[in-house]
Amino acid sequence: MDITHFVIYMRYNLMILVSVSLLEEDRYDSYSRMILKYFLAEGVVCRHELFVATAQDTPDDILQELPAPILDDVAVPKPVEHSRLTGELQESLDAMKIAWRYQNLPKVQSALASSSRFGHYYDVSKTMEVEIRQATKCHPFYLPDHVTPPSTAHRVESYSALLRSLQEVIHREGFDLAAPMSKSRNILRVGLHSLGSVLWGDDLCCHDKPRHSHALTTFLYGLRALLRSSLSVAVVTIPSHLIQDRALMGSITRLCDNAIALESFKGSERDTNPLYKDYHGLLYVRQVPHLNCLASQLPDHKDLAFKLKRKQFSIE
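Residues numbered from 1 in each chain as written. Predicted model: local features only at pLDDT ≥ 70, side-chain atom pairs only at ≥ 80, totals over all residues. Heavy atoms only, no water.

Engineer: Before we go on, may I ask you to explain the environment of Leu143 in this structure?
Structural biologist: When you line up the elements, Leu143 lands in the loop between strand E5 (138-142) and helix H7 (154-172). The exposure class assigned to Leu143 is buried, which follows from its relative accessible area of 3%. (Helix = DSSP H or I, 4+ residues; strand = E, 2+ residues; numbered from the N terminus. Buried < 20%, exposed > 50% of the residue type's maximum accessible area, 1.4 Å probe, protein only.)

Listed below in structure tokens is the structure:
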């Protein structure tokens, strides 16, 4: 299954009943970062507004790495002196562009393409053009700009500052459902990178019994309540493999509506196992929301693997 088809399913959930999606990072945070960039790139293509929060790399660093869309409905035309082109030459150029774009489209089954062709495809070997990226309004949150150097209250203050900043954007930009509908409403896509890590001043990944073990869960309570009352959806990445308290990790998962985990083969014995030679890691679906039910639902098929091709991230 291509990552786009997986995101199609995720996108239905995000727009129907999901506010917060949890992404458990792989060991080196390379593939989980790729999925986060897919989520943000889809927001750019759909002209949604973005809120990107990071603690190490700046939000602009992540935005500059967004994959390039390869569908012709989002291609930005290059400046061409149309006045110098004859009508016959212009038609020839248009035909060449159309043929080139179709050549770069992924080969999918016609049934899938006709029934779920509302997603977009991306080329991970190229980055998104600046003209496309700058057409979307982005609200960055870079932790060092909002919180003083680490202190005893740093891990609490970092999440408080993040929640306040997100709340201000939601109210100021008109994403609050309680705000009067004075103009056409838009969607806010929120990407929160590597929460719970030491970069955020948290000690969940450092101790078996962290002193402020409820800082992240308290934040998720507030985040979920804030997003449920606004036109906003969020993807939160967490380095779960570093969190020692598994019961606490279970609480974090239950506070999110959707949860998937990535296990990379890098540095493990599976990297040399012939059974997995065509893949780069495994994908686990931890939790899927269930309509009209308080309990979450797990899919029937749990054996999913992913691989990063030259131009495509695939889940099979």
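Engineer: I tried to follow the pattern of salt bridges on my own but got confused; where do I start?
Structural biologist: As a working rule, side chains carrying opposite charge can pair if their charged atoms are close by. According to the stated counting rule, one finds 12 salt bridges in the structure shown. For Glu157, the salt bridge is made with Arg164, and the minimal N-O distance between the two is 3.1 Å. Here the salt bridges share partners, and the residues they tie into one network are Arg33, Lys37, Asp57 and Glu65. (Salt bridge = Lys/Arg side-chain N within 4 Å of Asp/Glu carboxyl O.)

Engineer: Looking at this model, I keep getting lost on the side chain of Ser230. Mind explaining?
Structural biologist: Along the polypeptide, Ser230 turns up in the loop between helix H8 (215-228) and strand E7 (232-238). In this structure Ser230 comes out as buried when scored by relative accessible area, which is 7%. A polar contact of 3.0 Å, which involves the side chain of Ser230, links it to the backbone oxygen of Leu226. (Polar contact = N/O pair within 3.5 Å; in protein donor to acceptor, adjacent residues only side chain to side chain.)

Engineer: Sorry if this is basic, but what is going on with the confidence of the model for the chain here?
Structural biologist: A low pLDDT score tells you not to read the predicted coordinates there in detail. Across the chain, pLDDT averages 79, with 72% of residues at or above 70. Mean pLDDT across the elements of the chain ranges from a minimum in helix H5 (residues 110-115), with 38, to a maximum in strand E2 (residues 49-54), with 97. Ignoring residues within four places in sequence, the model shows residues 7-16, a span with pLDDT below 50, making 23 contacts including any to other chains. In the model, residues 75-86 has pLDDT below 50 throughout and makes 9 contacts with residues more than four positions away in sequence or in other chains. (pLDDT = per-residue confidence, 0-100. Contact = heavy atoms within 4.5 Å.)

Engineer: Hey, could you run me through the nonpolar core in this one?
Structural biologist: Nonpolar side chains in soluble globular proteins generally cluster together in the buried interior. Counting residues in hydrophobic clusters, the biggest one holds 39 residues, and the most contacted among them are Phe51, Leu192 and Leu195. Broken down by secondary-structure element, the contributors of at least two residues to this core are strand E1 (20-24), E2, H7, strand E6 (188-192), H8, E7 and helix H9 (246-254). For Leu192, the residues in contact, after removing those within four places along its chain, are Phe51, Ala53, Leu162, Phe219, Leu223, Val235, Val236 and Thr237. By size, the runner-up hydrophobic cluster in this structure holds 29 residues, among which are Met34, Leu66, Tyr122 and Val235. (Core = buried A, V, L, I, M, F, W, Y, C linked by side-chain atoms within 4.5 Å.)

Engineer: Any chance you could explain the side chain of Glu42 here in plain terms?
Structural biologist: Here Glu42 shows up in helix H2 (residues 31-45). We classify Glu42 as buried; its relative accessible area is 3%. Among the polar contacts made by the side chain of Glu42, one reaches the side chain of His120 at a distance of 3.0 Å.

Engineer: Quick question: what am I supposed to make of the sheet that holds E5 here?
Structural biologist: Strand-to-strand pairing in sheets goes through backbone hydrogen bonds, with the strands running parallel or antiparallel. Pairing is mixed across the open sheet formed by 9 strands, whose spatial order is E5-E2-E6-E7-E1-E8-E9-E10-E11. At either margin of the open sheet sits one strand with a lone partner, and together these are E5 and strand E11 (313-315). Averaged over all adjacent pairs, the angle separating strand axes in this sheet is 20°, with direction ignored. Relative to E11, strand E10 (residues 304-308) is paired through 3 bridges, and the arrangement is antiparallel. Bridging across to E11, Lys307 finds its partner in Ser314. (Pairing = 2+ DSSP bridges. Axes fitted to C-alpha atoms, helices over the stretch in contact; angles between N-to-C directions.)

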